[in-house]
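An overview of the molecular structure
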Amino acid sequence: RLEIIINNTECAFDTKECEDLQEMLKTNTSLQYLKIGDNILSDLTAEHIAAGLVHNHSLKELDISWNNITSVGATSIFRALVSNTTLESLDMSHNKLQSTPN
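Residues numbered from 1 in each chain as written. Predicted model: local features only at pLDDT ≥ 70, side-chain atom pairs only at ≥ 80, totals over all residues. Heavy atoms only, no water.

Broken down by element type, the protein chain carries three helices and four strands. Along the chain direction, N to C, the helices and strands of the protein chain fall in the order β-α-β-α-β-α-β. Looking at the protein chain as a whole, 37% of its 102 residues qualify as buried. Accessible surface computed for the protein chain: about 5800 Å², of which carbon and sulfur atoms make up 48%. (Helix = DSSP H or I, 4+ residues; strand = E, 2+ residues; numbered from the N terminus. Buried < 20%, exposed > 50% of the residue type's maximum accessible area, 1.4 Å probe, protein only. Areas by Shrake-Rupley, 256 points an atom, 1.4 Å probe, with all protein chains shown as cover.)

This is the structure in structure tokens:
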């Protein structure tokens, strides 16, 4: 099981790092577990993750908890899951998600 853990580093990904993450998710066929919780990930990062997830066929677990992702970034992730059939576990807890009034 190939894992990447970048946890509790309070790391903010810049545009280049977001693009690299997206490309890695698109092309990597071995990565099964990605934990990048407790960083300073934003909606921009979530959008790049989502773009990578659309093409990913190996990732089973994704932990992006304890970040600064709002409902905008979460929506991008959820839309990507329509195309992704391998992800079994998604942890987005402790982000800045809010319900919107009806």
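Picking up after the structure, the text goes on.
This part covers helix α2 (residues 43-53). Across the eleven residues that make up α2, a large majority, eight, are buried. Regarding α2, the residues found buried are Asp43, Thr45, Ala46, His48, Ile49, Ala50, Gly52 and Leu53. Looking at the packing, one finds that the buried side of α2 touches α1 (15-27), β3 (61-63) and α3 (71-80). A side-chain oxygen of the first residue of α2 lies 3.3 Å from the backbone nitrogen of Leu44; this N-cap is Ser42. (Contact = heavy atoms within 4.5 Å. Polar contact = N/O pair within 3.5 Å; in protein donor to acceptor, adjacent residues only side chain to side chain.)

The subject of this paragraph is the side chain of His48. Among the secondary structure elements, His48 is positioned in helix α2. Separated by 2.6 Å, the side chains of His48 and Gln22 make a polar contact.

Here we come to the nonpolar core. With 21 residues, the main nonpolar core has Leu34, Ile36, Ile49, Leu59, Leu62, Ile64 and Ile77 as its most contacted residues. Elements that contribute at least two residues to this core include exactly α1, β2 (31-35), α2 and α3. Ranked by residue count, the leading element in this core is α2, at four residues. With near-sequence residues (within four places) excluded, Ile64 lies in contact with Ile36, Gly37, Leu41, Ile49, Ile69, Ile77, Leu90, Asp91, Met92 and Asn95. (Core = buried A, V, L, I, M, F, W, Y, C linked by side-chain atoms within 4.5 Å.)

Tallied over the full model, the rule gives two salt bridges. A salt bridge links Asp20 to Lys16; its shortest N-O distance comes to 2.8 Å. With Asp20 and Lys16 both in helix α1, this residue pair falls four residues apart, about one helical turn. With a closest N to O distance of 3.8 Å, Asp63 and Lys35 form a salt bridge. Of this pair, Asp63 sits in strand β3 while Lys35 is found in strand β2, placing the two residues 28 residues apart along the sequence. In this structure Asp63 comes out as buried when scored by relative accessible area, which is 10%. (Salt bridge = Lys/Arg side-chain N within 4 Å of Asp/Glu carboxyl O.)

Here we come to the packing of α1 against α2. Here α1 crosses α2 at 20 degrees, and the two axes come no closer than 7 Å. Compared by their axis directions, α1 and α2 come out roughly parallel. Classified by chirality, the crossing of α2 by α1 is right-handed. Every residue of α2 that contacts α1 at Thr15, Cys18, Glu19, Leu21, Gln22, Leu25 and Lys26 is listed here: Leu44, Thr45, His48, Ile49, Ala51, Gly52 and Leu53. (Axes fitted to C-alpha atoms, helices over the stretch in contact; angles between N-to-C directions. Parallel < 35°, antiparallel > 145°, perpendicular 65-115°, else oblique. Left-handed = near helix turned anticlockwise from the far one by under 90°.)

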